[in-house]
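Read off the chains here:
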Amino acid sequence: MAAAAGPMALRRAVAVRGRGVLTRGILTRGGRPRPRGPLPRTPWTTRGPPPEELARAVERRPVREQVELDTITYAGRQYFVPGLARPQFPPWDRGWHDPWHSPGPRYEEMPLYKERGCYICHQGVRMLEGVRQAQWLTKTKLVEGLPPSVLSIVDNPAHQLERYEEGAKRAISHARFWDTTEVAPRREHYCPVLFEDLIHLCRSMAVKYPALTKRMLARNYKISATWERESILLQVRGLNGILMNSMAPIPPVASKEEVLATEEHVLETFYPISPTIDLQEVNVYKELNDTGFRDGYPYSHPHTVFFLESANVRTRRFRPEQLRAKMLMFAFGNALAKAKVLYGNDPKVLEQPIVVQSIGTDGQLFQFMVFQLNTTDLVSNDGIKNLVWIDSDQNLYEKAQCVPEIKKRVVTKPAGIYGFQPDTFKKFLALYLHGTV
C-alpha cells in the first residue's frame, strides 16, 4: 500500500504525524480534545487572580522620553501635500473693519450685555402648560366664555349681517373650492383666503356703522413689552399676528367691582415645572416697550390680533391649547406696551383698563379671546389681577368635501360643506363690532 501511495504521500503523513492526525483527508489537532463543558472550578475562576498578578497587570510601564520634533507642513509648498501637516497661520488683519467678515465681539463685551437673564416669548414659543402658564406669567384670572358685552351683540338681531349665513358659506366655498385649481387645496392656501373673506364680510357693516371705517389692518409689525414677575425679567417681542388698530379704544369689559374682586383670586401654580419653561433666555437684550408704531399714528389703539395657523404639516401647527397661550401672551403684550405709553413705566393699577381682543384659527377651528389689562404691577401674586375671557374650540364647519364619495358607482356623499355652524361667524362678527356698537 505504501508503494502504491508513493513516496510523496509517505513524507506528508510522517510530517503531519507530529502535529495532528490525518483522518480521511482532514487534518485535526493532536493532543487531548478541548473540554466542552464549563471551566473547572479553580481559585482563579472562582475568586479571580491573586493580588500580585493584578498588581503586575496594572503596573504602569515606564514612559520613554519623547523627543520634540519639528512639524513639517506644506506651507512652503503652497499647496496641499498628503502626509504633511496642515499649517497654522496667524489671523489676517485686513486693516479695516468689514462687517460681513467679522466674528464680532463676545457677548460679555457687547454694550447691551447684562448679567441678569431675560426670558423672551416670541411667536415660535410653544408653552408646555398652555393657558395656565400664560396666566401665571401675566397675572391673569380666566373666565370661561365671552363677556356679556360681546354676547349682547351676538344675541341682538339688529347687529347681525343680512343673509350672513349665505355670505359665510360663500366665503368657505371660495377658500376651499373656487380659489384653486387643485382638487383639494392645502391649509396654507385656504386659511388666509377664508380670513380675508370673513373680514370683507365684516367690513360691509360699515354702511350701518360708519365708525368701522376708522380702522386699519397692520401686518409684519413688531411688538416689545417688558415686565418683571417674582424676580424674573420677562419680555414679549417680535412679529406676531395681524393687528387691527382703531382710532378709539375698546371700553372696559369688566366693571370696577369685578376688577376689585380679583384680589381674592389665587393664581394656579404648576410646581415642579418652571414657569419660564420653553421661553428663550438671553443675556444680550434691550429693555424696550414699543407698540410697533411711531408717535402720531392715527390708528394707535390695538383692537384685535388675528393668528392664522396655516401650516400644512400638522406638527408645525400650534395645538389649540398652545395657540390660546400665544394669543394671551401677545394680547397682553400689546396692552402692556400701550399702557406704558399712556401711563409710564411705573407699576400701578390703571384708572382706565386697556382691552385687546384676539382671534385664532386654522381655517376651520376658531378660538376667541378678550383680554383686559387692569394693572401693570405684576411682581407679586397679591393685589388686582388682569382678566381674560376665552371661548375655545368653535368649529365654523365640520368638513369641506372637495371630492364626492362614490361607492359602487353611486355618489354616497356629494362635494360640499357639511356641519356649518353660523354661531361661530356671529361671534367673529361680534368681536369685530365690539367697541363700536
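Figured I'd write up the structure that's included with this text. Everything numeric in this text was worked out from a predicted model, so none of it was measured. (Residues numbered from 1 in each chain as written. Predicted model: local features only at pLDDT ≥ 70, side-chain atom pairs only at ≥ 80, totals over all residues. Heavy atoms only, no water.)

1. Section: the environment of threonine 138
Piece 1. Mapped onto the secondary structure, threonine 138 falls in helix H5 (residues 131-138).
Piece 2. Assessed through its relative accessible area of 0%, threonine 138 is described here as buried.
Piece 3. For the pair threonine 138 and tryptophan 227, spaced 89 residues apart in sequence, the C-alpha separation works out to 9.1 Å.
Piece 4. For threonine 138, the residues in contact, after removing those within four places along its chain, are Leu328, Met329, Phe332, Leu378 and Asn386.
Piece 5. Among the polar contacts made by the side chain of threonine 138, one reaches the main-chain carbonyl oxygen of alanine 134 at a distance of 2.6 Å. (Helix = DSSP H or I, 4+ residues; strand = E, 2+ residues; numbered from the N terminus. Buried < 20%, exposed > 50% of the residue type's maximum accessible area, 1.4 Å probe, protein only. Contact = heavy atoms within 4.5 Å. Polar contact = N/O pair within 3.5 Å; in protein donor to acceptor, adjacent residues only side chain to side chain.)

2. Examining empty space enclosed by the protein
Piece 1. For the coordinates displayed, the defined rule picks out two cavities of 30 Å³ or more.
Piece 2. Lining the largest cavity are Leu243, Asn245, Thr291, Phe293, Ser300, Pro302, Asn334 and Lys338.
Piece 3. Broken down by class, the residue content of the lining of the largest cavity amounts to three nonpolar, four polar and one charged.
Piece 4. Quantified by volume, the second largest cavity comes out at close to 30 Å³. (1 Å grid on protein atoms, 1.4 Å probe; cavity = no way out; pocket = protein on both sides within 12 Å on 5 of 7 lines; lining within 4 Å. Points joined across faces, edges and corners; volume = space filled by probe spheres on them. Nonpolar A, V, L, I, M, F, W, Y, C, P; charged D, E, K, R; others polar.)

3. With respect to the packing of aromatic side chains
Piece 1. Scanning the entire structure with this criterion turns up twelve aromatic pairs.
Piece 2. When the centroid spacing of 5.8 Å and the interplanar angle of 65° are considered together, the rings of tyrosine 297 and tyrosine 299 count as edge-to-face.
Piece 3. A residue is classified by how much of its surface remains accessible, and tyrosine 297, at 25% relative accessible area, is partly exposed.
Piece 4. Both rings, one in phenylalanine 366 and one in phenylalanine 428, keep their centres 6.1 Å apart while their planes meet at 85°; by these two values the pair is edge-to-face. One end of the pair, phenylalanine 366, is in strand S12 (residues 365-375); the other, phenylalanine 428, is in helix H11 (residues 422-433), and 62 residues separate them in sequence. Each of the two residues, phenylalanine 366 as well as phenylalanine 428, counts as buried.
Piece 5. Three or more aromatic residues joined by ring pairs make a cluster, and in this case those are Phe195, Phe306, Phe366, Phe368 and Phe428.
Piece 6. In this structure, arginine 126 is placed above the aromatic ring of phenylalanine 318, and the distance from its NZ or CZ to the ring centre is 4.5 Å. (Phe/Tyr/Trp six-rings, centres within 6.5 Å; stacked < 30°, edge-to-face > 60°. Lys NZ or Arg CZ within 6 Å of the ring centre and 35° of its normal.)

4. Side note on helix H7 (residues 164-178)
Piece 1. Listing the buried residues of H7 in full gives Tyr164, Gly167, Ala168, Ala171, Ile172, Ser173, Ala175 and Arg176.
Piece 2. Turning to H7, the residues buried within the fold contact helix H8 (187-203), strand S14 (399-401), strand S17 (416-418) and H11.

5. What about the sheet that holds strand S6 (residues 222-229)?
Piece 1. Ordered by their spatial adjacency, four strands build an open sheet running S6-S7-S3-S9, and the pairing between neighbours is mixed. A strand with exactly one partner marks an edge of an open sheet, and here the two such strands are S6 and strand S9 (280-284). Mean inter-strand twist for the sheet, computed between neighbouring axes without regard to direction, equals 35°.
Piece 2. Of the strands in this sheet, strand S3 (113-121), S6 and strand S7 (232-239) touch helix H10 (residues 320-343), which is tilted by about 85° from S6. (Pairing = 2+ DSSP bridges. Axes fitted to C-alpha atoms, helices over the stretch in contact; angles between N-to-C directions.)

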